[in-house]
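Here is what each chain is made of, one letter per residue.
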Amino acid sequence: MVDTLRRQIFLVLFLLGTITVLIIAAFDLRHVLSGKGTHRKAIYFNEISSLIKGLDSFIEKYSLVPIIISGESELKDLTNTDYDAITAEFAEIISRCESCYQLRYIDANGGERVKVVKREGEVRIVPAEELQNKGMRDYFLETMKLPSGEIYVSPIELNREFGEIEKPLTPVIRFATPVKEKVGMVIMNAYVTDIFGGHYLNPEGIAFVTDERGYYIYHSALPEKEFGSPENLGTRENIFRDYPELRDKLRDDKGEIELEAEDAILFYRRFSSTPTLRFTSGQIIPRRIVYQEFYARIWFYTFFVIGGIVFIYFFSFLLGKALTSGLTTVSSAMKRFSEGDMDARCYIKHAPQEIKEIGRTFNTMAEEIQSRTWKENLLNRRLRRFIEMNRELVSTLKLSSLLDMITEKVNDEFEAVFSWIGLVEEGNFEIRPVAFHGRESGYLSEINVTYDDTLTGLGPTGMAIKTGTPQIEPDIRDDVNYRPWLEKALRRGFLSSAAFPMMYKGRVSGVLNIYFDRPRAIKEEDIDT
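Residues numbered from 1 in each chain as written. Predicted model: local features only at pLDDT ≥ 70, side-chain atom pairs only at ≥ 80, totals over all residues. Heavy atoms only, no water.

Focus: the environment of M334
Part 1: Within the secondary structure layout, M334 lies in helix α9 (residues 292–338).
Part 2: Of the residues examined, M334 reaches a relative accessible area of 40% and is grouped as partly exposed. (Helix = DSSP H or I, 4+ residues; strand = E, 2+ residues; numbered from the N terminus. Buried < 20%, exposed > 50% of the residue type's maximum accessible area, 1.4 Å probe, protein only.)

Overview of the packing of aromatic side chains
Part 1: According to the stated counting rule, one finds 11 aromatic pairs in the structure shown.
Part 2: Aromatic side chains F418 and Y443 sit 6.1 Å apart centroid to centroid with 90° between the ring planes, which places their arrangement in the edge-to-face category. In this pair, F418 is assigned in strand β15 (residues 418–424) and Y443 in helix α12 (residues 443–446), connecting sequence segments 25 residues apart. The same class applies to F418 as to Y443, namely buried.
Part 3: Among the aromatic side chains, those forming a connected cluster through ring pairs are F418, F436, Y443, F494 and Y515. (Phe/Tyr/Trp six-rings, centres within 6.5 Å; stacked < 30°, edge-to-face > 60°.)

Some remarks on the pattern of salt bridges
Part 1: One pass over the full model with this rule turns up 21 salt bridges.
Part 2: Its salt-bridge partner being E161, residue K115 comes within 2.9 Å of it at the nearest N-O pair. Of this pair, K115 sits in strand β2 (residues 112–119) while E161 is found in strand β6 (residues 160–161), placing the two residues 46 residues apart along the sequence. Residue K115 shares its accessibility class with E161, and that shared class is buried.
Part 3: A salt bridge links R213 to D211, with the nearest nitrogen and oxygen atoms 3.6 Å apart.
Part 4: Relative accessible area serves as the criterion here: at 15%, D211 is assigned to the buried category.
Part 5: The network of salt bridges with shared partners includes R104, E112, K115 and E161. (Salt bridge = Lys/Arg side-chain N within 4 Å of Asp/Glu carboxyl O.)

Some points on the nonpolar core
Part 1: Ranked by internal contacts, the top residues of the largest apolar core, which has 43 residues, are F175 and M188.
Part 2: The residues contacting F175, other than those within four sequence positions of it, are F58, I59, Y62, S63, P66, I151, Y152, V153, V186, I187, M188 and A190.
Part 3: The next biggest cluster of nonpolar side chains, apart from the first, holds 21 residues, and it includes F418, W420, V449 and Y515. (Core = buried A, V, L, I, M, F, W, Y, C linked by side-chain atoms within 4.5 Å. Contact = heavy atoms within 4.5 Å.)

Looking at the environment of P433
Part 1: Relative to the helices and strands, P433 is located in strand β16 (residues 431–438).
Part 2: The partly exposed category is assigned to P433, whose relative accessible area is 36%.
Part 3: When the C-alpha atoms of P433 and W420 are compared, they prove to be 7.0 Å apart, with 13 residues separating the residues in sequence.

Here it is in structure tokens:
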């Protein structure tokens, strides 16, 4: 019967668990399929943004330098003294500016009046014969249109000297501002060589930045593609040349663009740091990298389903075994108890609450039956003892011998060290000892016990006479009413006591006192029986 129940439980649990696992896997897998690669794509677009974070920080850091110089320097009329002072000031500024390449003052006609250059940490003041006129350059014309205090930021391009692209190639951004009353302008050329590197990009992808026409400014895999515009190297290397279909995408979508090529996916986003500095940045990521998380999730759900079914199989088997084992434990305990094993109990750790409750109910019932049986046996033993005592008492006629025999039997029965019987003295509330047995050692001659309302009448002996009920002292050291006799009792090793009233014709005629050399030697249930 137990085996049949175990098989039924296993089958139900296994089927329910397997169906649940399949439903969970199917529901979550549906979301994975519908959002194929979406999470990774969002990460790639965020990584694209990190490409231009360096540029934004760079512009914010260096755009104020020309404004500060134009506000603090006297640049209206350059006398020889003024030239030396301003040149020294420019040299000091550029030496402390990490990415500064050139710092110049250009007059209203486009002529360079002060020019300081820093290469590989060395600052050089350009002599007058090497100064040039920049009156036809775009950055000069655009800056001189601005009101005082405004800043012009140029596109990123290669630096030119005397009309030729400087070697080695030096990509720069120019920051320029007009001097008060437009007597000229202050302009700073800043290196941009390392702005786009060192960001958190996918190491297996290709990162790039282009200007608004699609010419590469930065290409992590092929630096030779950089600066291919006509005004720079003229190589015509362009994002639209590499991905012609991207141009159609740009017409339809002005935000984030995702373009799937043969073996890779291109992620593309437009940015505009300033009105004159518009560009795009992106990544080219191999298709297997973009969808690797998707494929991993597919494998995960495959193993999840297989592992879940295996787990449910063993879980159902073990749980069914645990449930039936609880019933077996209860049945076995009941059988042993019915056969006379009064200590038989069932302790169930792993089973449903209902089965545990059956076990606890059985244990409670068994304990009550065992306790009742023990009390009945104890009562029977004591009845037999007192019957024997009565027989001995009846065979004797002398009262003192009877009382001595009672105290002796009491000591043996209760394992006491001392007992005595006192009779009530009418009129003076005193109790007269008439018999004792055990460790007396002069105790009765040293104490005074009454049953009045004085301190000597509030002990267990006096209260037993006044109330007609037994008085138990589990530990005489804890009862303040025992103080009159405490020191003498402790000296003889008494630690607990009991006083029993002796009734004759409906009234108390004496007291039986019992003393023990251990605390809590006698309990209330001993009196009840």
